[in-house]
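Structural characterization, general
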Amino acid sequence: MTLKLPPVDPARMEQEWAADQDVLRNLADNGDQASIRRSVDVSFRGSEENLERLSEAAEELGLTELGHEDDAEGGHPWLFLERVQAVDEKSIRALTELCLQIEQLFDLEYDGWGCEAQTGTVH
């Protein structure tokens with residue numbers, strides 16, 4: 001199966017990019033070396049059926065499943081995925097664009113990305 005990813009709404013991308021820049025600034029302020037590759041996790045929320053479809057397509061999208069979590073307040077469950085990459089602006093912008101495409105393709109809510117700061121040297 002080959003997925004055809006939809007175009008991203010530029011306004012939605014800019015909204016997410018503004019939030020991404022805050023995270024990148026926070027990482028940099030804590031001594032992060034953005035070029036060091038590390039696990040970056042992303043999360044999606046939605047119906048169990050749509051999360052399952054994404055889970056089945058994750059590998060094709062270059063993502064690895066970390067797990068599911070039910071919403072304690074009885075809302076929609078979560079799916080957590082990851083991929084290993086750098087966290088420079090170009091890499092994060094590409095990840096965010098992919099996640100917004102996934103959001104549309106699978107009718108889910110993208111809830112951002114996260115990672116641990118890496119302050120070591122690049123190998």
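Each chain carries its own residue numbering, running from 1 in the written order of its sequence. It should be noted that, the model being predicted, local features are given only for residues of pLDDT at least 70 and side-chain atom pairs only at 80 or more, the latter also being counted only at that level, while totals for whole chains, interfaces and linings use all residues. Hydrogens are left out, water is left out, and the side-chain values use all remaining heavy atoms of the structure.

Comments concerning helix α2 (residues 48-57)
Residues N50, L51, L54, S55 and A57 constitute the buried set of α2. Contacts between residues were defined by any pair of non-hydrogen atoms, one from each residue, lying within 4.5 Å. Each helix is a run of H or I in the DSSP string that is no shorter than four residues. Each strand is a run of E no shorter than two, and both are numbered from the N terminus. On its buried face, α2 is in contact with β1 (38-45), β2 (64-69), β3 (78-85) and α3 (89-105). Each residue is assigned to one of three classes by its accessible area relative to the maximum for its type, calculated with a 1.4 Å probe on protein chains only: buried under 20%, partly exposed between the two thresholds, exposed over 50%.

Observations regarding the pattern of salt bridges
Side chains that differ in charge, positive against negative, can pair when their charged atoms come close. We count a salt bridge whenever a side-chain nitrogen from Lys or Arg sits within 4 Å of a carboxyl oxygen from Asp or Glu. Counted according to the given criterion, the structure contains five salt bridges. Between R12 and E16 there is a salt bridge whose closest N-O contact spans 2.5 Å. One end of the pair, R12, and the other, E16, are both in helix α1 (residues 10-29), four residues apart, so they sit about a helical turn from each other. In this structure, R25 and D22 form a salt bridge, with 2.5 Å as the shortest nitrogen-oxygen distance. Taken together, the positions of R25 and D22, both in helix α1 and three residues apart, correspond to about one turn of that helix. What emerges from the salt-bridge pattern is a single network uniting R12, E16 and E103.

Some points on a negative patch on the surface
Together, E48, E52, E56, E65, E69 and D70 line one region of the surface with negative charge. Elements with a contribution of two residues or more to the negative patch: α2 and β2. Per-element tally for the negative patch: the top contributor is α2, with three residues. Following the sequence through the fold, E56 ends up in helix α2. Residue classification places E56 among the exposed positions, given a relative accessible area of 61%. For patches, a residue must show more than 30% relative accessible area and have no salt bridge; joins then use 9 Å for like charges and 5 Å for nonpolar side chains, namely Val, Leu, Ile, Met, Phe, Trp and Tyr. Accessibility throughout is a Shrake-Rupley quantity obtained with a 1.4 Å probe, and a residue counts as covered only by protein chains that appear here. In this tally, Lys and Arg are treated as positive and Asp and Glu as negative; His is ignored, and so are the chain termini. Where a charge lies is defined by one atom per residue type, namely NZ (Lys), CZ (Arg), CG (Asp) and CD (Glu).

Focus: the packing of aromatic side chains
Whether two aromatic rings pair depends on their centres lying within 6.5 Å, for rings of Phe, Tyr and Trp, where Trp uses its six-membered ring; planes under 30 degrees apart make the pair stacked, over 60 edge-to-face, and the rest tilted. A complete count under the given rule lists two aromatic pairs for this structure. Ring geometry for F44 against Y110: centres 5.5 Å apart, planes inclined by 40°, an arrangement best described as tilted. A residue pair is termed long-range when its members are at least 10 positions apart, and F44 in strand β1 and Y110 in strand β4 (residues 109-114) qualify at 66 residues. Residue F44 is classed as buried on the basis of its relative accessible area of 0%. Plain terms: the ring middles of W78 and F80 are 6.4 Å apart, the flat faces sit at 20° to each other, and that makes the pair stacked. In this analysis the charged atom, NZ for Lys or CZ for Arg, is taken to sit over a ring once it is within 6 Å of the ring centre and within 35 degrees of the ring normal. Directly above the aromatic system of W17 lies the positively charged group of R93, at a separation of 5.0 Å from the ring centroid.

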